[in-house]
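Observations on the three-dimensional arrangement
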Amino acid sequence: MAKWKSGRVDRMRVKESKDPYRLAEKPPGGAICKGCSAVVQSGRWTWNQPEGEGVTTMCPACRRVEDGYPAGYLVLEGPFFGDNRREIMNLVRNVAQAEKNLHPMERVMAIRKSGEATLITTTGIHIARRLGESLRRSYRGDLQVNYEEGEKNVRVNWSR
Ligand SMILES: [Zn+2]
């Protein structure tokens, strides 16, 4: 048992990246986030029930929210967006919910109106890109995706 455990820890150490929000804590037996109840098992975050007595931790997404440090920035703008803001934001919320259900660490942090534009911040880079792609698929328009800091951050701009 002890042998299995140490093997598991080593494997996770290899996968550790330099991103400070990426699994800084790696409890081998699984742990539950005290912020959102996501459960990490073998380095993967899920919405599963914890197995046995869960160690509590704080997941990377909740830490980003607490620190006010987004991974993704998505700006929506343009006359078409202004005229259809309500419908477009409904799509954004639906896609964001589906993404969070599938990938617990990919969440919308905040949605803010800034003049004619809307700024959406996210806890992960994938959800920001996926939201932009959904908008382009549904409404066409222009989509720009720029990764920064070796893909630790992403800036997405959709305009129409
Ligand atoms: Zn959490």
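Fair warning: this is a prediction, and the values are worked out from it, not measured in the lab.

A few points about the packing of aromatic side chains
- For the coordinates displayed, the defined rule picks out 3 aromatic pairs.
- Here the aromatic rings of Tyr-139 and Trp-158 are separated by 6.3 Å at their centres, their planes lie at 55°, and the arrangement is tilted. Here the residue Tyr-139 occupies a position in helix 5 (residues 125–139), and Trp-158 occupies one in strand 9 (residues 153–159), the gap between them amounting to 19 residues. A single burial state applies to Tyr-139 and to Trp-158, both of which are buried.
- By way of ring pairs, the aromatic residues Phe-80, Phe-81, Tyr-139 and Trp-158 are connected into one cluster.
- Against the face of Tyr-73 rests Arg-155, its NZ or CZ located 4.3 Å from the ring centre.
- Positioned above the aromatic ring of Phe-80 is the side chain of Arg-160, whose terminal nitrogen or guanidinium carbon lies 3.7 Å from the ring centre.

Points about the coordination of the zinc ion
- Coordination of the zinc ion by the protein involves Cys-33 (SG), Cys-36 (SG), Cys-59 (SG) and Cys-62 (SG), with metal-donor separations of 2.3 Å.
- Taken together, the 4 donor atoms surrounding the zinc ion define angles of 105 to 112° at the centre, an arrangement classified as tetrahedral.
- Along the chain, the residues that donate to the zinc ion are spaced as C-x2-C-x22-C-x2-C.
- Since its relative accessible area comes to 0%, Cys-59 is described here as buried.

Let's talk about the sheet that holds strand 5 (residues 72–77)
- Spatially, 5 strands are ordered 6-7-5-9-8 in an open sheet, and the strand pairing comes out mixed. The sheet is open, and its two borders are formed by strand 6 (108–114) and strand 8 (142–148), each paired with just one other strand. The mean inter-strand angle of the sheet, taken between neighbouring strand axes irrespective of direction, is 15°.
- The pairing of strand 8 with strand 9 spans 7 bridges and is antiparallel. Residue Glu-148 lies in a different strand from strand 9, and its bridge partner there is Asn-153.
- The strands touched by helix 5 within the sheet are strand 5, strand 6, strand 7 (117–122), strand 8 and strand 9, with strand 9 carrying the most contacts at an inclination of about 15°.

As for the nonpolar core
- Among the nonpolar cores identified, the biggest contains 20 residues, and Leu-76, Val-92, Leu-131, Leu-135 and Trp-158 are the most heavily contacted of them.
- Broken down by secondary-structure element, the contributors of at least two residues to this core are strand 5, helix 4 (85–102), helix 5 and strand 9.
- Counting residues per element, this core draws most heavily on helix 5, at 6 residues.
- Once residues within four sequence positions are removed from consideration, Val-92 is found in contact with Leu-76, Ile-120, Leu-131 and Leu-135.

Definitions and cut-offs
- Residues numbered from 1 in each chain as written.
- Predicted model: local features only at pLDDT ≥ 70, side-chain atom pairs only at ≥ 80, totals over all residues.
- Heavy atoms only, no water.
- Phe/Tyr/Trp six-rings, centres within 6.5 Å; stacked < 30°, edge-to-face > 60°.
- Helix = DSSP H or I, 4+ residues; strand = E, 2+ residues; numbered from the N terminus.
- Buried < 20%, exposed > 50% of the residue type's maximum accessible area, 1.4 Å probe, protein only.
- Lys NZ or Arg CZ within 6 Å of the ring centre and 35° of its normal.
- Donors = N, O, S within 2.8 Å, 3.2 Å for Na, K, Ca; no water.
- Tetrahedral: all angles 85-135°; square planar, octahedral: opposite > 155°, others 65-115°.
- Pairing = 2+ DSSP bridges.
- Axes fitted to C-alpha atoms, helices over the stretch in contact; angles between N-to-C directions.
- Contact = heavy atoms within 4.5 Å.
- Core = buried A, V, L, I, M, F, W, Y, C linked by side-chain atoms within 4.5 Å.

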